[in-house]
Amino acid sequence: MAEVTFKGKSFEVDDDGFLLKFEDWCPDWVEYVKDSEGITELTDQHWKIIEFLQDYYRKNNLAPMVRTLSKSTGFKLKEIYELFPSGPGKGACKMSGLPKPTGCV
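Trainee: Could you give an account of the side chain of Glu 37, naming the residues involved and the relevant values?
Mentor: Position of Glu 37 relative to the elements: it lies in the loop between helix H1 (27-36) and helix H2 (44-60). Notably, Glu 37 is buried but unbridged: the nearest opposite-charge side chain belongs to Lys 90, and the N-O separation is 4.0 Å. Not counting chain neighbours up to four residues away, the residues in contact with Glu 37 comprise Pro 85, Ser 86, Lys 90, Gly 91 and Lys 94.

Trainee: Explain the pattern of salt bridges to me, and be specific about the residues and the numbers.
Mentor: Taken as a whole and judged by the stated rule, the model has six salt bridges. The residue Lys 21 makes a salt bridge to Glu 12 at a minimum N-O spacing of 3.4 Å. A residue is classified by how much of its surface remains accessible, and Lys 21, at 37% relative accessible area, is partly exposed. Residue classification places Glu 12 among the partly exposed positions, given a relative accessible area of 22%. Its salt-bridge partner being Lys 59, residue Asp 55 comes within 3.0 Å of it at the nearest N-O pair. Linking Asp 55 with Lys 59, this pair stays in helix H2, spanning four residues, or about one helical turn. Relative accessible area serves as the criterion here: at 63%, Lys 59 is assigned to the exposed category. Overlapping salt bridges, with partners in common, bring together Glu 31, Lys 34 and Asp 35 in one network.

What counts and what doesn't
- Residues numbered from 1 in each chain as written.
- Predicted model: local features only at pLDDT ≥ 70, side-chain atom pairs only at ≥ 80, totals over all residues.
- Heavy atoms only, no water.
- Helix = DSSP H or I, 4+ residues; strand = E, 2+ residues; numbered from the N terminus.
- Buried < 20%, exposed > 50% of the residue type's maximum accessible area, 1.4 Å probe, protein only.
- Lys, Arg positive; Asp, Glu negative; His and termini not counted.
- Salt bridge = Lys/Arg side-chain N within 4 Å of Asp/Glu carboxyl O.
- Contact = heavy atoms within 4.5 Å.

Shape descriptors only; they carry no functional weight alone.
Printed below as a string of structure tokens:
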């Protein structure tokens, strides 16, 4: 277990840099991850995916499959990779504060 400090806040993360506690997520976490993921500016499209992932996780206690993410948000897989270059699992889920996905996302 490691700890990341950003803007005066500390976050416990796993070996891959995912938050250990979803409840620790805050907008500062998004700012931290966006820089490490190579995203220069967050758009409404980014937030639509982040908010969907968080809502899905709250309801189901897991990340959605890629097909569900794409169908529910209206973004094609290619568009998701354009928004989150490291992919829906590594980039989008990490930025959303979800644990590292074990499934198809």
